[in-house]
Every structure is written in structure tokens, then in C-alpha cells.
Amino acid sequence: METIAKTNRRDFLKLGLVASGGLVLGFQSSSSSALGMEVINGSALPAGDVNFNSYLSISSDDLVTIFSPNPELGQNIKTSFPMVVAEELEADWKKVKVVQAHLDTKKYDRQLTGGSGAVPHSWERLRKAGATAKYMLTEAAAKKWSVSASALKAENGKVINPANGKSFTYGELANDAALIPVPTDVKLKDKKDFKLIGTAVSNVDNKEMITGKPLYGLDFYREGMLYAVITRPESFGMKLKSVDSAAAKALPGIVDVVTFKNNVAVVGKSTWEVLKARKALKIEYEKEGNIESTSDHDRIFKELLDKPEATVRRKDGDVEAAFKGAAQVIKREYQCPFLSHAPMEPMNFFAHVRADGVELVGPSQTPDRARMATATLLGVAPEKITLELTRLGGGFGRRLQADYALEAAELSSMIKAPVKVTWTREDDMMGGSYRPAVRYRFEAALDPTGKLVGYKLRGVGINSGNPTREDNFPSGSVDNLLIDSVEHQSPITTGAWRAPITNFLAFAEQAFLDEVALAAGKDPVKFRLELLDRAKTTPVGAIKYDIDRMKKVIETVAEKSGWGTKKNLAQGFSVYFSHRSYVAQVAEVEMKKGQPVLKKIYAVSDCGIVINMSGAKQQVTGGIVDGLGHSLYGQVTFKDGAAVQRNFNNYRLIRFKEVPEVEVHFIDNGIDPTGLGEPALPPTGGAVANAIFKATGKRLYNQPFNQVEEMKAVKLGEKI
Amino acid sequence: MASYSINVNGEKRTVDVSPDTPLLWVLRDSLGLVGTKYGCGIAQCGACTVHLNGTAVRSCSLPISVVKEGKVTTIEGLSKEGDHPVQQAWMEVDVPQCGYCQAGQIMTATALLAKTPKPTDEQIETAMNGNICRCGTYHRVKEAIVLASAKINK
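Residues numbered from 1 in each chain as written. Chains lettered and ligands numbered in written order. Predicted model: local features only at pLDDT ≥ 70, side-chain atom pairs only at ≥ 80, totals over all residues. Heavy atoms only, no water.

Examining the overall build of chain A
Put simply, the test is: Secondary structure elements are defined from DSSP: runs of H or I of at least 4 residues count as helices, runs of E of at least 2 residues count as strands, and each element is numbered from the N terminus. For the radius of gyration, the atom set is restricted to C-alpha positions; the globular benchmark scales as 2.2 Å times the number of residues to the power 0.38. To sort residues, take the accessible area from a 1.4 Å probe on protein chains only and compare it with the maximum for the residue type: under 20% means buried, over 50% means exposed, and anything in between is partly exposed. A contact between two residues is defined here by any heavy atoms of the two lying within 4.5 Å. Residue burial considers only the protein chains on display, and all accessible areas are found by Shrake-Rupley using a 1.4 Å probe. All tallies of charge rest on Lys and Arg as positive and Asp and Glu as negative; His and the ends of each chain are not included. A charge is said to be at NZ when it belongs to Lys, at CZ for Arg, at CG for Asp and at CD for Glu.
Each helix and strand counted, chain A has 16 helices and 31 strands in total. Relative to the globule expectation of 27 Å for 720 residues, the C-alpha radius of gyration of chain A, 28 Å, shows essentially globular dimensions. Each of the three principal axes of chain A carries a C-alpha extent, and together these read 80 × 70 × 50 Å. By residue count, 63% of the 720 residues in chain A fall in the buried class. Sequence separation of 24 or more characterises 76% of the internal contacts of chain A that already satisfy a separation of 6 or more. Total accessible area on chain A is roughly 26200 Å²; 50% of this is exposed by carbon and sulfur atoms. Charged side chains in chain A number 95 positive and 85 negative. The centres of these two groups are separated by 2 Å.

Some details on helix α15 (residues 613–632) of chain A
In an α-helix there are 3.6 residues to a turn, and that puts residues three or four apart on one side. Residues and elements named next belong to chain A. Let me state the cut-off plainly: Given a helix with a known number of residues, its expected span is that number minus one, times 1.5 Å. Under the rule applied, a polar contact is a pair of N or O atoms within 3.5 Å (in protein, one hydrogen donor and one hydrogen acceptor; residues adjacent in sequence only if both atoms are side-chain atoms).
Across its 20 residues, α15 extends 28 Å between first and last C-alpha, which sits within 8% of the 28 Å expected from 1.5 Å per residue. Along α15, 18 of the 20 residues are buried, which leaves the element largely enclosed by surrounding structure. N-cap assignment for α15: the residue whose side-chain oxygen lies 3.1 Å from the backbone N of serine 614 is asparagine 612.

Points about the environment of valine 26 of chain B
Residues and elements named next belong to chain B. Tracing the backbone through its elements, the reader meets valine 26 in helix α1 (residues 23–30). For the pair valine 26 and valine 15, spaced eleven residues apart in the sequence, the C-alpha separation amounts to 7.7 Å. If near-sequence neighbours (up to four positions away) are discounted, valine 26 is found in contact with Ile6, Val15, Val17, Thr21, Leu31 and Ile64.

Overview of the domain arrangement of chain A
Residues and elements named next belong to chain A. Let me state the cut-off plainly: Segment limits for the domains were obtained from an automatic or database-derived domain assignment. Summed over both partners, the accessible surface that disappears when two parts come together, traced with a 1.4 Å probe, is what is meant by buried area. Salt bridge, as used here, is a side-chain nitrogen of Lys or Arg placed within 4 Å of a carboxyl oxygen of Asp or Glu.
Along its sequence, chain A is organised into domain 1 (9–197), domain 2 (217–288 + 347–422) and domain 3 (438–711). Between domain 1 and domain 2, the contact holds 13 residues from the first and 14 residues from the second. Roughly 1100 Å² of surface becomes buried between domain 1 and domain 2 when both sides are summed, with 62% attributable to carbon and sulfur atoms. At the junction of domain 1 and domain 2, the tally comes to one salt bridge. With a shortest N-O distance of 3.9 Å, arginine 391 and glutamate 72 are connected by a salt bridge. Applying the counting rule to domain 1 against domain 2 returns four residue pairs in polar contact (both at pLDDT 80 or more).

Section: the packing of aromatic side chains
Within a pair of aromatic rings, the relevant descriptors are the distance that separates the centres and the angle that separates the planes. Residue and element names in this part refer to chain A. Under the convention used in this document: Geometry of aromatic contacts follows a simple scheme: Phe, Tyr and Trp rings, the Trp one being its six-membered ring, pair when their centres are within 6.5 Å, and the pair is stacked under 30 degrees between planes, edge-to-face over 60, tilted otherwise.
Scanning the model with the defined rule gives 26 aromatic pairs over all chains in all. Taking the centre distance of 6.2 Å and the plane angle of 70° together, the rings of phenylalanine 442 and tyrosine 455 count as edge-to-face. In this pair, phenylalanine 442 sits in strand β23 (residues 438–446) while tyrosine 455 sits in strand β24 (residues 452–462), placing the two residues 13 residues apart along the sequence. The exposure class assigned to phenylalanine 442 is buried, which follows from its relative accessible area of 0%. Relative to phenylalanine 705, the ring of phenylalanine 507 lies with its centre 5.5 Å away and its plane at 55°, an arrangement referred to as tilted.

Digging into the sheet that holds β24 of chain A
All names here are of chain A. Test applied: When DSSP locates at least two bridges between a pair of strands, those strands are taken to pair. To get an axis, fit a line to the C-alpha atoms, keeping to the stretch in contact for a helix; angles then go from 0 to 180 degrees between the N-to-C directions.
An order of β17-β25-β24-β23-β18 is seen for the five strands of this open sheet, with the pairing classed as mixed. The open sheet terminates on both sides in strands that have one partner only, identified here as β17 (311–316) and β18 (328–336). Pairwise comparison of adjacent strand axes, ignoring direction, gives a mean angle of 10° for this sheet. Examined bridge by bridge, β18 and β23 share nine bridges and lie antiparallel to one another. Bridge assignment links arginine 332 to a residue of β23, and that residue is phenylalanine 442. Where helix α7 (residues 294–305) meets the sheet, its contacts fall on β18, β23, β24 and β25 (480–488), and the angle it forms with β24 comes to roughly 140°.

Thoughts on the sheet that holds strand β3 (residues 49–52) of chain B
Hydrogen bonds along the backbone pair up the strands of a sheet, which may run parallel or antiparallel. Residues and elements named next belong to chain B. Spatially, β2-β1-β5-β3-β4 is the arrangement adopted by the five strands of the open sheet, whose pairing is mixed. Pairing within the sheet leaves two strands with one partner each, and these edge strands are β2 (11–17) and β4 (55–58). Here the average twist between neighbouring strands, direction ignored, is 45°. Judged from the two bridges that link them, strand β1 (residues 2–8) and strand β5 (residues 71–73) form a sheet pairing that is parallel. Bridge assignment links valine 8 to a residue of β5, and that residue is valine 72. With respect to the sheet, α1 is in contact with β1, β2, β3 and β5, its orientation differing from that of β2 by roughly 100°.

Things to note about the interface of chain A and chain B
Contacts between the two partners involve 60 residues from chain A, matched on the other side by 49 residues from chain B. Overall, the association of chain A and chain B removes approximately 4700 Å² of surface from exposure, summing both partners, and the carbon and sulfur fraction of that is 58%. Interface area lost by chain A to chain B is led by Ile210, Met344 and Phe656 of chain A, which between them contribute 20%. The interface formed by chain A and chain B includes four salt bridges. Residue lysine 37 of chain B is joined to aspartate 219 of chain A by a salt bridge in which the shortest nitrogen-to-oxygen separation is 2.7 Å.

Some details on the domain arrangement of chain B
Residue and element names in this part refer to chain B. Threshold: Following the grouping adopted for this structure description, the nonpolar residues are Ala, Val, Leu, Ile, Met, Phe, Trp, Tyr, Cys and Pro, the charged ones are Asp, Glu, Lys and Arg, and the polar ones are all others, Gly among them.
Each assigned domain of chain B is listed here: domain 1 (2–75) and domain 2 (85–152). Distance from the C-alpha centre of domain 1 to the C-alpha centre of domain 2: 21 Å. Every contact between the two is made by 17 residues of domain 1 and, on the other side, 13 residues of domain 2. A buried area of about 1200 Å², summed over both sides, lies between domain 1 and domain 2, and 56% of it is on carbon and sulfur atoms. Along the contact surface separating domain 1 from domain 2 lie zero salt bridges. Summed over the shared surface of domain 1 and domain 2, the number is seven residue pairs in polar contact (both at pLDDT 80 or more). Listing elements by their share of the side of domain 1 that touches domain 2, those giving two or more residues are β3 and β4. Per-class residue counts for the side of domain 1 that touches domain 2 are six nonpolar, nine polar and two charged.

Side note on the side chain of serine 485 of chain A
All names here are of chain A. As for its position among the elements, serine 485 is in strand β25. Using a relative accessible area of 2% as the deciding quantity, one classes serine 485 as buried. A distance of 2.9 Å separates a polar atom in the side chain of serine 485 from a polar atom in the side chain of arginine 313.

A few points about helix α10 (residues 403–415) of chain A
An ideal rise of 1.5 Å per residue puts 18 Å on 13 residues; α10 of chain A measures up with 18 Å between its terminal C-alpha atoms. Downstream of α10 of chain A by a residue or two, lysine 416 of chain A has a phi angle that is positive, lying close to 55°.

Looking at the pattern of salt bridges
Residue and element names in this part refer to chain A. Taken as a whole, this structure holds 59 salt bridges over all chains when the rule is applied. Close ionic contact of lysine 94 with aspartate 92 constitutes a salt bridge, the shortest N to O distance being 3.8 Å. Assessed through its relative accessible area of 11%, aspartate 92 is described here as buried. Two residues, glutamate 709 and lysine 712, come together in a salt bridge whose shortest N-O distance is 3.3 Å. What makes glutamate 709 exposed here is its relative accessible area of 58%.

Regarding the confidence of the model for chain B
Note the following rule: For every residue, the pLDDT score states the predictor's confidence, bounded by 0 at the bottom and 100 at the top.
When the pLDDT values of chain B are averaged, the result is 97; 100% of them are 70 or greater. Among the scores for the predicted complex, ipTM is 0.98 and pTM is 0.94.

Some words on unusual backbone geometry
With an omega dihedral of 15°, the bond running from phenylalanine 473 of chain A to proline 474 of chain A counts as a cis peptide bond. As for its position among the elements, proline 474 of chain A is in the loop between β24 and β25. Following glutamine 703 of chain A, the chain continues into proline 704 of chain A via a peptide bond in cis, with omega recorded as 0°. Relative to the elements of secondary structure, proline 704 of chain A occurs in the segment after α16 (682–696). For asparagine 53 of chain B, which is not a glycine, the phi torsion comes out positive at approximately 50°.

Following this line, the structure appears as C-alpha cells:
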């Protein structure tokens, strides 16, 4: 058994009886530096109040309710979080009910979805929540039987006395367990004894999803609520000048037309009526900032790449000397466009601003950000704002922003009515917060033996922040290295897009390393392994990735894919470390009728312990499909400050016919979970581009691939 | 505004809307049947797929005025207990990620299997190519259709 001693986490465990009977248990942030625990007896809780800090409750009829605090957007957290609690609790999964918790910063820590960080962050506290309840249930049974708790066993929702075969269900023990002092230390299970973790468990919302139950923000309805759409400036860099809303207001079902900031909101009694009425608005805009087009960005990128001043991100050794003395220098540039997040459920939020408080309901990856921004905007105390989380119809980073919730709150405060604001797909694609467009220049210096002795990377981007990840591989393995960046500030808004920065950086880096390996006369896989060996034996500067874990995924994917052994298939390799996890991929391309056809992608992921094998396999597969689709087709271009692509007719997403076979493997190493939702996406573009090069001799430097001249006629993903 | 009597999931429903109102918004806003999703509004993504007389149609681009006596089936009316073989297969294969597109996927798949109980891979791919899944669950959608086909033909 493994014991977790008192930790310095700011956790606070509470426990008590609810009025309906049963055990409620959870963690809370507190200023205490030690793990403190407190028992609340039934009388200390307001009658019927279950609204206190809790991860789980057990009712007298054996139902275990597990609260899942983090927003669910398809990363499967609503199934995997409760699995961790249930594992340590030894619950009967068939009797577990999962409930999406509303925003509650008193009960829950880091109640957000982003950075593939939820499970790594909560792993230990979820285990403790389950283990603590199990301990108390076992102690309660021991008291009833007057035996030592150590002689008893918890299993499948029961405490069993192996000596005589007698048992109590958890429901029978719940009330007594609530009176047991909360342990200061709890023993966590040995990982090898996991029964539920690592198995394939169906999504807890499957039944609701396949029968069309209201789950999403867009499905939310409140008696008496109004519907609204908001027209925002078409072009970035423009602001509202004047609005003539008379014609729109005269249309059936229209309640009001309201202007705030640069927004013109049409409010009415149904979605279709407000959509129709917005077309009757006469709006004038005027210039407020730069009006940029994609052609401007192409020019700006060239200027920034040659700019003498840049922000240095990492510098090892003497790069200039290394390049001066090089036998061979390779210099390449890579560019990606803006991308829309395009979650299938467009942005929407419900808000009801009343005199006594604010009610918000909707899909958010960062509910507390939405609440705090609303508090600031309306001058309302945060405690007076409630936020109910719906299921999210995708997020991909778009719903990290609070803008769409804030708009709903502002509109509700102006019209003094409950209102649901819906964005159309066009609103969504024109509305910004894009994945930034970025261009990279890589330079490599090889010595006469083909050894990589110098490495330079300049990243330039439009509102990109730092478009490099300077401490990622191959940093640490090259003696002389310089990574710097320059950012262009633009009115076009950008934000985190699934696997921020690395979603394109990984492609550029892995495609470049492929070229460098071939220039050095080395196999691309062996080349990476040699660099990693150098990072291990003669590390240069700080190494912020785990060399052994990276080597293991490389070696495993080479083995699973039969790297270098296939005669009629061109294989391309890629590996990337992001969000604490390691993923290596091999793509296979076959030439058919003179055209490259993508047949298969192998992936080996080391994300530590896999909690739900079903969810995890799909998460990796979906990440690959996402990475592939956007490498092939995705782009938002701009003309005079306005997005050209505004819906799925010209913002192309990958479709059914275009996906190759995908084979997923996980490294079973018992390491605590390290992140799953994003790391499988970054390596895909590189693996595919490297395979295309091998098949056709054509190097791909820019995304999307289907806009590259020689690739325009190629239906890469489509079966011929 | 005009009054329309339509047949939805075996029930006669009367709504008072303008003739150009897409069936999607009638279902969602007037009838509270929100299982049918809005994704693009231009018949490109398939999230709004319902059956009209057994054929998969895009409800976002179908004005209420043309529905007339047609039998409309939505995800809510596919089966009473949520146990249509396609729904069962979706559960068993554990298809959904975010789940938003899945009602549309299921409606397209059930229309395919009703007409073609034993579809070839190519028939599945062609039928499903109009339904976008942003999460990338296409492999499981296919697996579930193959499984559903086996259930139907048992």
C-alpha cells in the first residue's frame, strides 16, 4: 500500500450528513498549509442543503453521486474524474451517478478546461476523496461488528468481513460513516490493484447524447427568456458609427434593438425572427485601427524575420561561430494561417441580470473568468453571480474567452430581461480569437561528419505572444543554439487554439529535423535518438523534457509501424512533447495513380496512467484527425480586415472520407497522468508532411497543404 | 405569420410562424425539441439532420412551408426507449466526444440503414460524408454503423 502523508496542498476536507441522510465528502481550498480535515455533523448543515464543498455523496439506497467540477467539452473528464474517485472508494460503478457541478470556487480548485491539465492537477485529490470515504465506511463497519478495520475489505460498494462473509452496503454505512473522524492520512491503492482505472468505460452522458436530451448551452431554455443575435463589425480595425434599426424593429417578433460598444443586438421572441431582422439593420462603421489583409501579413512576416532586434528566448553556446565553421547549413521557412476554433456548437450564453444578482448559464471552459469579468463589467459582487455549466459542444480553446458570456450579461442588464445570445456560424468565424498566423525560420549547421552543431529558430507571429517553445527538444541536445521571436500587434484578435503554438510549431520543427537528418545522411528516427542520447550524456543548458520518455515513444512507434521495413509505403516520422506528455507518430503514404494517398497513422502516447481506455483512445485518434484536418485544409484569410472564410462551405473541416486508419498505443509506465487532450495533435502534420516528401519528393512548408501549388490537385485524404 | 400543422414523431403539432422559418428553428424554439442541432445554417455540417418521410434532410435549410403533410422524425422520436439498433451501437462503441454532432450522425446513419441494411464501406462513407464531427469521431461512427447493420440483419 502507498501512503500519502500530510501534504502541503491547500486542501481542506469536509464531511457531513445531508438532511436526506448520507455521506458527503470533498476538498476545499484554504489558507492552511497543511491538509486539514473537519467533520460537520448533520445539524451543522442547513436542511436540504447539499450546496457545500463536495466530490461525492452516498445515499442510503447505495447511490454514489460524484460531482464533476470541470467543464466537459469532449475530453471525457466527466467520465474519467469520477472513475478516479470510484476506484479508490471501491464503488460499484453501476451505482455511480455523475453530476456536473456548477461553478463554485469555494468547493473546487482550478475549475476550468485548458492546457490538458485537469487530471494532472486533480489526480491526487480525487484519489484522496475516494480513499477517505472508503476509510470511514470501513471504520463504521468495524464499529458495528466490533472488529478491527484492518480485518475488513471494501469491494464493489460494500464492506466485507472475510472471516464470516458478512457485509454492509455503503448505503447502510453512510450515516454511521459520517460520524467517523476524518483521517489525516489516507492510504491510496497500489496502482497495480486498480480495477476501474485503465479499463474502457462508456461516456456517462452517452444515453442523453444519443437520445437528444437538452445538454448544451444552446439547448437551454427559460420560460420568458428572449432570444438575441449580435452584429459586430465585419472588419477588425473598424468601429460602429451609426445604426438605423427602424426597419428591423418593425419586423414580427422583435422586442428591441440595442447598441452597446461595437455591438448591435437584435432581441426578439425566437431565433429565426432575430436572425431575419438583423438583415434589415442599416449599420455604418468607421476606421479605428489598422485594416489588414493576408497579403500585408505575408509582407510583415518577411520584415520581422530579418529584423535585427528580437526577443531572445534561449541562447546556448556560440551560434555565430558554429554557423561560420559549418560544413553544411540548412535554412528553411514554414508558415501557417489563422484558424477558427469552429466548435460544432457555436458560441452562446444565457444571462439574467436581476436587481438581486446575476444568473449565467452556458458553455465555458473558464467559468470563473466569465463570472469575474461579469462582476467587473456590471459592478456586481462575484458572490451574487451564479454560473451553471452546460455541456460544451466542443471548445478547442475558443471558450477560454469570456467575451460571449459577457455580451449576454451586458445585454440582459440593458434590456432588464433574461436573454440567450446565439452566435451564427458566420459570427463565430468572423468574430476572432483565432489561432495566430505564424512564420518560422529554422537554420541548422552540420559539421563534416553530419553532426548538428548549430541551431537557430526565429518565430514571428501576428498577436502570437511567444511563438516558440524554446526549451523543447532539440534544445539541450545542440551545443550552439539561438531561439528568438518577434510579434506583430494587430487588431485581429487571437487566442489559445488546441495545443497553442505547438499545433503548428511541432509540424515546422519535425519537418525541418527530417530535412536535417537526410542532409546529415541519417535515418530520421536514428537522428532524433542520437540527439536525445547527446542531451542525456552531454546536456546543454536546461533540459525540460524527459529524455527517456521521449526515447521510449520513438522506439515504440518505430517498432509498431515497422519503421523502415515497408516496401510499398512511404513512412514519415514525427515526435513531440507538449502538455507534459510525449507522442510519436508514423504516417504512411501510398502512391496511387501518381498521387499520394494517406493510408494510416500510428501513434504511441505516453500520457502516464490511462484512466479510461475508451476515452483515451478516442482522444488520441480525435487529436490526430484534428491535426490532420487543419494541416490539410484549415485557414482563415483576411481581406481588408474581414475574414474571407465564414462558414463550412469554404472553411473546410476534415470529413468522413478523408480520415486514414489510425492505430493508437499507450506506454504503460505507471507514471501519474500527464495530459491527454492536446498532445496527440501537434505531431500529426509533421508525420504526414514527411511521408508525403518520401513518397513524392515534395517538401511542404506551408499550411494548409491543399493550398500549396503542387498539392492543389491532390486529394490526399480521399481514397482513390 | 401563418399556422402550420406538421407531423412530428407521430404527433400532430401546430405552430404559428412565418413561412420561411426553417424546420430546425420550429423544432427547437417552437416545439422544444432541441436534440436537433444548429451547426452552420447552410446545410454543410449535418448537425440538424432529421428524417422527412424517412429520408435524411437538413432541417436548417428546409422552410416549414414545404414540410406540409410529411412525416418528420427527430432524434427524440427515433425510438421510445433510446434503443434503436443504431442508438444501441452508438452506446456500445462509445462514439461521442463532445456529442454535439451525434444526433445528426445518428439520423443520417439510420436513414442509410433503413434503405441499405447492409451497406458497403463506400456506401457508408458516401452517406456520412455530409456530417462533420469536429472532435474527429469518424472511425467510431463507422464502427457503430457496421455494428448496427449487424444488429439489424441478425
